[in-house]
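Structural overview
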Amino acid sequence: MDYLYILREALVWTVTIFWLYQVVISLCSLVKLKDKPLKVNKEHRFMAIIPAHNEEAVVGNLIESLKNQTYNKDLYDIYVIADNCTDNTAKIAKEAGAIVYERFDATKKTKGYALNWFLQQKIAENAPYDAFFVFDADNIVDKNFIKNMNKKLCQGEDVVQGYRDIKNPSDNWITAGYAIFYWQMHRFYHLARYNIGLSPLLNGTGFMVKFDIIKPQGWDTETLTEDIEFSLKRIIKGKKLGWATDAIVYDEQPTGFRQSWSQRSRWTVGHIQCIKRYTKELATAAKENKKMINLDGLLYIVGSIPMFIITIALLLSNFIMYNSASITTAELIKNLIMYLVPTFVLPIFVGMFAMWLDGRKIKPMAKGLLCYPLFLLTWLCINFKCLFIRNTSWEKINHVRSIKIADVSNNGKAQTEKELV
């Protein structure tokens, strides 16, 4: 079984080097850099775009938070794309003060299609906007969001992800899992890379794109994760995305396990689509350009499903070697612990560290932190399932809670005191 031992050692070194790289990069989130100088000093004109499918319960709160921005009200317009709606989304959005575009196409239902449909019209009109924001209908936006994004545009950044916080972090173990995951990603992935000149990624909602960037092709994406796809296409070209910790948008997470399973399955399938579509281009860019931004983008793709497959192979190799008496019971247990502790135990403490750095209260999230390994385990199960079964259909996440911007705390930290159940 020498060949299996060699294979296992190669897999161990592959996983170890990959995660050592991630740890080193994540430490860069602790570095405080000077603010970038302004290249221009002006108030830009913006579109706030809200794709919405049957969101009558929540879209009004988002529009209200956008109307209450500390930014010149004459310099931004709020658009709602009522996408295949069968409820009163369009009516409520109009009454709230948004400009509504109604779209009906039963064969193309995802956000990417809706954005492209809308933006193609604005491109054809040569609409007088400098940049646009994209929000989900269940979002609410901090009052300084546009002001802080305008500053980023003045600094010369043309694609910027805002800080995606959580409206309902302590509803139950599912929403807590989402919150802890995002808080870790924001600091140890996005902020860390932004600090050292690598590229963060778009994160689904609450981001800004300079209007000229998408001319003339529009919002040209193909996969279920249009945000990641758009990011990778920029990285392939060697263009960094920006990060705005102080441009805060609050997002509602699903409380039901079935909806969460469906949503995360869609994300995993979207990642698999991006792997198939862009791995070769990222590898080519890394080889030809010899830039860390290209290599880091390639490692992001490799670090999702491919690294998951390598880890499964590593685990299986231990059991095969144990069954053939190549390793002892003690060695098998040691090897399993070396996997289980970093995968399920360490993330609890990383989550607590991220919360401490962000000045969040840990007590309301205590049960969520304890249940975080369960949240991660379900995601691993989703990844495994999607290796063989890939449902690419879009399923709506129902948002029924009317949470307003006044219901979340200041300083960009959503802290509800509701007990986790």
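A few points on the structure. (Residues numbered from 1 in each chain as written. Predicted model: local features only at pLDDT ≥ 70, side-chain atom pairs only at ≥ 80, totals over all residues. Heavy atoms only, no water.)

1. What to know about the packing of helix α11 (residues 329–358) against helix α12 (residues 366–386)
Quick reminder of the rule: What counts as an axis is a line fitted to C-alpha atoms, over the stretch in contact for a helix, and the angles between N-to-C directions run from 0 to 180 degrees. Numbering of helices and strands runs from the N terminus, with a helix taken as a DSSP run of H or I at least four residues long and a strand as a DSSP run of E at least two residues long. Throughout, the term roughly parallel applies to angles under 35 degrees, roughly antiparallel to angles over 145, roughly perpendicular to angles from 65 to 115, and oblique to all others. Here is the rule for handedness: rotate from the far helix to the near one, and if that takes an anticlockwise turn smaller than a right angle the crossing is left-handed, while a clockwise turn gives right-handed. We call two residues in contact when some of their heavy atoms are within 4.5 Å. We call Asp, Glu, Lys and Arg charged. Ala, Val, Leu, Ile, Met, Phe, Trp, Tyr, Cys and Pro are nonpolar, and the rest, Gly among them, are polar.
α12 packs onto α11 with a crossing angle of 130° between their chain directions and a minimal axis gap of 9 Å. Taken together, α11 and α12 sit at an angle that is classed as oblique. Both α11 and α12 take part in a crossing whose hand is right-handed. Counting all contacts with α11, which are made through Tyr339, Thr343, Phe344, Pro347, Ile348, Gly351, Met352 and Met355, the residues of α12 involved are Leu369, Tyr372, Pro373, Leu376, Leu377 and Leu380. Split into classes, the residues belonging to the contact of α11 with α12 amount to 12 nonpolar, 2 polar and no charged.

2. Overview of the packing of aromatic side chains
To keep it simple, the criterion reads: Working definition: rings of Phe, Tyr and Trp (its six-membered ring) pair if their centres are within 6.5 Å, and the pair is stacked with planes under 30 degrees apart, edge-to-face with planes over 60 apart, and tilted otherwise. The buried label goes to any residue with under 20% of its type's maximum accessible area, the exposed label to any with over 50%, and the partly exposed label to all in between, with areas taken from a 1.4 Å probe on protein chains only. We call a charge positioned over a ring when the NZ of a Lys or the CZ of an Arg lies within 6 Å of the ring centre and within 35 degrees of the ring normal.
Under the defined criterion, the tally for this structure stands at 29 aromatic pairs. Ring centres of Phe207 and Trp219 lie 5.9 Å apart, and the angle between their planes is 20°; this geometry places the pair in the stacked category. Separated by 12 residues along the polypeptide, Phe207 in strand β7 (residues 207–210) and Trp219 in the loop between β7 and α7 (226–236) bring together distant segments of the chain. Here Phe207 and Trp219 have matching classes, each one buried. Aromatic ring contacts, followed pair by pair, group Tyr178, Phe181, Tyr182, Trp267, Tyr372, Phe375 and Trp379 into a single cluster. A cation over an aromatic ring shows up here: Arg264 above the ring of Phe375, its NZ or CZ 4.3 Å from the ring centre. Sitting above the plane of the Trp379 ring, Arg264 keeps its charged end 5.3 Å from the centroid.

3. Comments concerning a nonpolar patch on the surface
Spelled out, the test is: Within this analysis, patches are made of residues with over 30% relative accessible area and no salt bridge. Like charges are joined at 9 Å or less; nonpolar side chains (Val, Leu, Ile, Met, Phe, Trp, Tyr) at 5 Å or less. Computed by Shrake-Rupley with a 1.4 Å probe, the accessible areas treat only the displayed protein chains as cover when residues are assessed. Take a side-chain nitrogen of Lys or Arg and a carboxyl oxygen of Asp or Glu: if they are within 4 Å of each other, that pair is a salt bridge.
The grouping of Ile333, Ile337, Val341, Val345, Leu346 and Phe349 at the surface amounts to a nonpolar patch, some 520 Å² of accessible area in total. Inspection of the secondary structure assignment puts Ile333 in helix α11.

4. Focus on the pattern of salt bridges
A full pass over the atoms with the stated rule returns 20 salt bridges. Between Arg164 and Asp251 there is a salt bridge whose closest N-O contact spans 2.6 Å. Taken together, the residues Arg164 in strand β6 (residues 159–166) and Asp251 in strand β8 (residues 242–251) connect sequence positions 87 residues apart. Neither residue differs from the other here; Arg164 and Asp251 are each classed as buried. For Glu252, the salt bridge identified is with Lys167, shortest N-O distance 3.7 Å. With a gap of 85 residues between them, Glu252 in the loop between β8 and α8 (257–289) and Lys167 in the loop between β6 and α6 (173–195) connect regions that are remote in the sequence. Per residue, the accessibility class of Glu252 equals that of Lys167, and both read buried.

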